[in-house]
Amino acid sequence: MIEVFRKNPLFLRFWFSAISSDLGSRMYSLILLWLVYHWTGSALHVGLVMVATALPAVLIAPFAGTLIDRYNKAVVMFLADSIRTILLFMLAFLYFESLLNMSIIITVTVIISIASAFFTPASMSVLPSLVIKEHITQANATNQTSISASAIAGPLVGVGIIATIGVVNAFLAGGIFFLASTIFLFGIKDNTEKTTISKTSAFNDLKEGWAILKEYPIVYKMLDKIALVNFFYASLMIVTPVISKGNATHIGYMMSSIGAGMFVGAMLLSFGKLNFKIIYKLISSFIIMGLAFIAISFHLHFYFVVIFLFIIGVCLNIFNITIVSTYQSDLDPKVIGRVMSIMVALSFSLIPISYGVMGVLIQYFGYSIVMAISGVIIIMSAFRIYNARIFND
């Protein structure tokens, strides 16, 4: 890990920015889940608000990729987090003045989602230009390890702030983390060659990006599998406040347990403890994740739920780091922004539908049936990855 920072000095600043930005995002997610469930007590309302967190990003991401490829990717990240900083400070003020309501929450969440649609693919695209090729996988693992650590700390810090000094300060803390991200990003320039700005329409750019994406079978043949897993993984965001019955502390523990699992998964890859074939990493992570979903459906004691959420986090990060590192190594740097943006949009296109559908299903049928079916389909996806036969190593 230290060698990555020593030989790639710009990566260190990127790393600090990623941690800060993710802490802000995790804190906002916790505040959002707790606040909406606290106000309504309804899984359906939580699902509707979560749609606002995902749908705009899905719709914007393919077109965002064109801009990301044309400009300094670090500047795109800087502007995105600047917007999120302002919005969280605004929410703190509105809550303090008792002016915050569901309409404002949804509107701000939509804007934050759009900012994320630029930040996420830009961060994925800029990393290969900040490190030498031999360090890409290790850099990804290092970055994901830290982000996973923030996934543990973010909810716990948020819970602590809400419980001790209130929601206003929780919003302010989230804004400060986004502000820190912009400070670390200031002045960073990526070294990838920018695409020429043309007068073609956004839809032509999208069409071109899709054509490029189809040149890489390991990308487009995996999209439906990734989308399905994310569809059912998204149900955890609705299940969390339901299982916890709106208890902010329990929500924090559950979200942090997923983050802790992601941290361990990233550490295993970072230190080279999982040096077996890519296909085996992907299949095993899907199967174990599916079994954990099924286990949670059995109305277990809260602490057993936390353990299985931890296991889901481990498997999720092993899958994410492995697949993203493979793509970053194989894709042309000149088009990586567009390809990554389309991949993000298509891979996560089912998430807003999941939030809406899962909110309704959990509200009327309970979470046990939903979790059991989710687990079965995730396990089935593992066998579909094997049958695709697109990984040669």
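Up top you'll find the structure we're talking about.
Thresholds applied
Residues numbered from 1 in each chain as written. Predicted model: local features only at pLDDT ≥ 70, side-chain atom pairs only at ≥ 80, totals over all residues. Heavy atoms only, no water. Helix = DSSP H or I, 4+ residues; strand = E, 2+ residues; numbered from the N terminus. Buried < 20%, exposed > 50% of the residue type's maximum accessible area, 1.4 Å probe, protein only. Contact = heavy atoms within 4.5 Å. Areas by Shrake-Rupley, 256 points an atom, 1.4 Å probe, with all protein chains shown as cover. Patch = residues over 30% accessible without salt bridge, like charges linked within 9 Å, V, L, I, M, F, W, Y side chains within 5 Å. Salt bridge = Lys/Arg side-chain N within 4 Å of Asp/Glu carboxyl O. Axes fitted to C-alpha atoms, helices over the stretch in contact; angles between N-to-C directions. Parallel < 35°, antiparallel > 145°, perpendicular 65-115°, else oblique. Nonpolar A, V, L, I, M, F, W, Y, C, P; charged D, E, K, R; others polar. Expected span 1.5 Å × (residues − 1). Core = buried A, V, L, I, M, F, W, Y, C linked by side-chain atoms within 4.5 Å. Phe/Tyr/Trp six-rings, centres within 6.5 Å; stacked < 30°, edge-to-face > 60°. Lys NZ or Arg CZ within 6 Å of the ring centre and 35° of its normal.

K.L.:
I tried to follow the overall build of the protein chain on my own but got confused; where do I start?
P.N.:
Counting secondary structure elements, the protein chain contains 17 helices and zero strands. In the protein chain, buried positions account for 56% of the 393 residues. Considering only residue pairs separated by 6 or more positions, the protein chain has 88% of its internal contacts joining residues 24 or more positions apart. For the protein chain, the computed accessible surface area is about 16,200 Å², with 69% contributed by carbon and sulfur atoms.

K.L.:
Can you walk me through unusual backbone geometry in this structure?
P.N.:
Note: most peptide bonds trans; most residues except glycine with negative phi. Positive phi, close to 60 degrees, is recorded for Ser98, a residue that is not glycine. Relative to the assigned elements, Ser98 resides in the loop between helix H4 (73–96) and helix H5 (102–130). Given a relative accessible area of 64%, Ser98 falls into the exposed group.

K.L.:
Would you mind going over a nonpolar patch on the surface with me for this structure?
P.N.:
On the surface, Ile353, Val357, Val360, Leu361, Tyr364, Phe365, Ile369 and Ile373 cluster together to form a nonpolar patch covering roughly 750 Å² of accessible area. Contributions of two or more residues to the nonpolar patch are made by helix H16 (351–365) and helix H17 (367–388). For the nonpolar patch, the leading source of residues is H16, giving six residues. Along the polypeptide, Phe365 turns up in helix H16.

K.L.:
Explain the packing of helix H10 (residues 223–233) against helix H11 (residues 235–244) here, please?
P.N.:
The description of two packed helices rests on the angle between their axes and on the distance between the axes. Following both chains from N to C, one finds H10 and H11 inclined at 10 degrees, their axes separated by 5 Å at the closest point. If you check the angle between H10 and H11, you find them roughly parallel. Residues Phe231, Phe232 and Tyr233 of H10 pack against Ser235, Leu236 and Met237 of H11. For the contact of H10 with H11, the residue count by class is five nonpolar, one polar and no charged.

K.L.:
Would you take a moment to explain H16 for this structure?
P.N.:
In an α-helix there are 3.6 residues to a turn, and that puts residues three or four apart on one side. In this model H16 runs 20 Å from its N-terminal to its C-terminal C-alpha over 15 residues, within 8% of the 21 Å that 1.5 Å per residue would give. Among all positions in H16, only Ile351, Pro352, Ser354, Tyr355, Gly356, Met358, Gly359 and Ile362 are buried. Just downstream of H16, Gly366 is the residue with a positive phi angle, here 90 degrees.

K.L.:
It is not clear to me how the nonpolar core should be interpreted in this structure. Could you clarify?
P.N.:
Phe171 and Ile312 are the most contacted members of the largest nonpolar core, which totals 82 residues. No other element matches helix H14 (residues 302–330), which puts eleven residues into this core. In this structure, Phe171 is in contact with Tyr28, Ile31, Leu35, Leu88, Leu91, Ala92, Tyr95 and Leu100, ignoring residues within four places of it in sequence.

K.L.:
Please clarify how the side chain of Ser113 should be interpreted in this entry.
P.N.:
Within the fold, Ser113 resides in helix H5. Once you skip the residues sitting within four places of it in the chain, Ser113 turns out to touch Ala52, Thr53, Ala54, Pro56 and Ala57.

K.L.:
Explanation requested: the packing of aromatic side chains in the structure shown.
P.N.:
Here a ring pair, both rings aromatic, is described through the centre-centre distance and the interplanar angle of the planes. Considering all chains together, one arrives at seven aromatic pairs under this definition. Geometrically, the ring pair formed by Trp15 and Phe16 is tilted, given 5.1 Å between the ring centres and 50 degrees between the ring planes. When its relative accessible area of 33% is taken as the criterion, Phe16 is described as partly exposed. Each ring, one from Phe231 and one from Phe232, has its centre 4.9 Å from the other, and the planes form 80 degrees; the classification is edge-to-face. Overall, the relative accessible area of 7% leaves Phe232 in the buried class. Joined through ring pairs, the aromatic side chains of Trp15, Phe16 and Phe184 make up one cluster. Taking NZ or CZ as reference, Arg84 lies 5.0 Å from the ring centre of Phe119, over its face.

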